[in-house]
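Report on the structure
Residue-level listing of the chains:
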Amino acid sequence: MLSVVYGVVQFSVYEILTEKFFEITKRDSKVNHFVCGGGAGCVATVACQPFDVLRTRFVAQGEPKVYKSIHHACLSMYKQEGILSFYKGLWPALLQVAPQSALSFGFFNVLSHSWKQFFHHENESLGALGSMVCGIGAGIGSKCLIYPLDMVKKRIQIEGFDEKSRSVYGPIRHYRGMTHSILSVIRDEGLFALYKGLYPSLLKAGLVTGVYFCAYEQFCRLLKSWHSPAKYKV
């Protein structure tokens, strides 16, 4: 559900922003895709942050279960921690997503142009396979560059939650903010601790981003076929 909502919001906002930027600049540049991609990612993150916090807490809880259901989790968080608990880790998330989303759209734009040039399809649509491959490359590249912020965001989201059960996995740490959490991780666990869990995240980012861009490109092709069927090429 989180991925679906995030993808719909992100690509919808991206289309709106790119259209507005084109009206202002009168040209389709790589910078436009980069900036619009970052803005779209931020809007989608704010919209989906409560779902992300809930997902992280459900994954982190031990036995016995703290939350019995999503409804129970929402009520418990609201009563015990207030409405702002649904937006814990928002700043690290925005600092992570803005460059990641910008890089994803920027990488995809560069990779798609390279794909078309390599296969001599400059005047044709990218196609499902090309969209998937370029999307996977864009997802892996962008995730690799900003992964430390993702790791820090998740640590902040679970801070103060079910510490008794989580203590069996290691010492419980408390952070005073994003900068303090990054410095503490480096000091206590070493620089490479910022990349814990990188490989599974790269696999997920590549596949999810590939599916996003593939679906997005095919949906755009479908819309174009409705508006100009005579010019549309399968």
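Residues numbered from 1 in each chain as written. Predicted model: local features only at pLDDT ≥ 70, side-chain atom pairs only at ≥ 80, totals over all residues. Heavy atoms only, no water.

Our focus in this paragraph is the overall build of the chain. In terms of regular secondary structure, the chain is built from 8 helices and 0 strands. Reading the chain from its N end, one meets helices and strands in the order α-α-α-α-α-α-α-α. Looking at the chain residue by residue over its 234 residues, the buried ones come to 43%. Put simply, the chain shows about 13600 Å² of open surface, and 68% of that area lies on carbon and sulfur atoms. (Helix = DSSP H or I, 4+ residues; strand = E, 2+ residues; numbered from the N terminus. Buried < 20%, exposed > 50% of the residue type's maximum accessible area, 1.4 Å probe, protein only. Areas by Shrake-Rupley, 256 points an atom, 1.4 Å probe, with all protein chains shown as cover.)

Taken together, Val31, Phe34 and Val35 make up a surface patch of nonpolar side chains, about 260 Å² in accessible area. Here phenylalanine 34 shows up in helix 2 (residues 30–60). (Patch = residues over 30% accessible without salt bridge, like charges linked within 9 Å, V, L, I, M, F, W, Y side chains within 5 Å. Salt bridge = Lys/Arg side-chain N within 4 Å of Asp/Glu carboxyl O.)

Note on placement: histidine 33 falls in helix 2. Residue histidine 33 is classed as buried on the basis of its relative accessible area, which comes to 13%. Apart from the residues within four sequence positions on either side, histidine 33 is in contact with Tyr14, Asp28, Phe105 and Asn109. (Contact = heavy atoms within 4.5 Å.)

Attention now moves to the packing of helix 2 against helix 3 (residues 70–81). Contact geometry of helix 2 with helix 3 gives a least axis separation of 11 Å together with a crossing angle of 100 degrees. Between helix 2 and helix 3, the angle is such that the two are roughly perpendicular. In this structure, helix 2 contributes Val53, Leu54, Arg57 and Phe58 to the contact, and helix 3 contributes Ile70, Ala73, Cys74, Met77 and Glu81. Within the contact of helix 2 with helix 3, the residues separate by chemical class into 7 nonpolar, no polar and 2 charged. (Axes fitted to C-alpha atoms, helices over the stretch in contact; angles between N-to-C directions. Parallel < 35°, antiparallel > 145°, perpendicular 65-115°, else oblique. Nonpolar A, V, L, I, M, F, W, Y, C, P; charged D, E, K, R; others polar.)

The next subject is the environment of valine 66. Within the fold, valine 66 resides in the loop between helix 2 and helix 3. Between the alpha carbons of valine 66 and serine 76 there is a distance of 9.3 Å; along the sequence they are 10 residues apart.

The subject of this paragraph is the pattern of salt bridges. Where charged atoms from two side chains of opposite charge approach closely, those side chains can pair. In total, this model carries 6 salt bridges according to the counting rule given. For arginine 57, the salt bridge identified is with glutamate 81, shortest N-O distance 2.7 Å. Placement of the pair is arginine 57 in helix 2 and glutamate 81 in helix 3, with a sequence separation of 24 residues. Overall, arginine 57 belongs to the buried group, its relative accessible area being 1%. Arginine 187 is the salt-bridge partner of aspartate 188, the closest N and O atoms lying 3.0 Å from each other. Residue aspartate 188 is classed as partly exposed on the basis of its relative accessible area of 40%. Taking relative accessible area as the criterion, arginine 187 reaches 59% and is therefore assigned exposed. Salt bridges sharing partners connect three or more residues here, namely Arg57, Glu81 and Lys88.

Keep in mind these numbers describe shape, not what the thing actually does.
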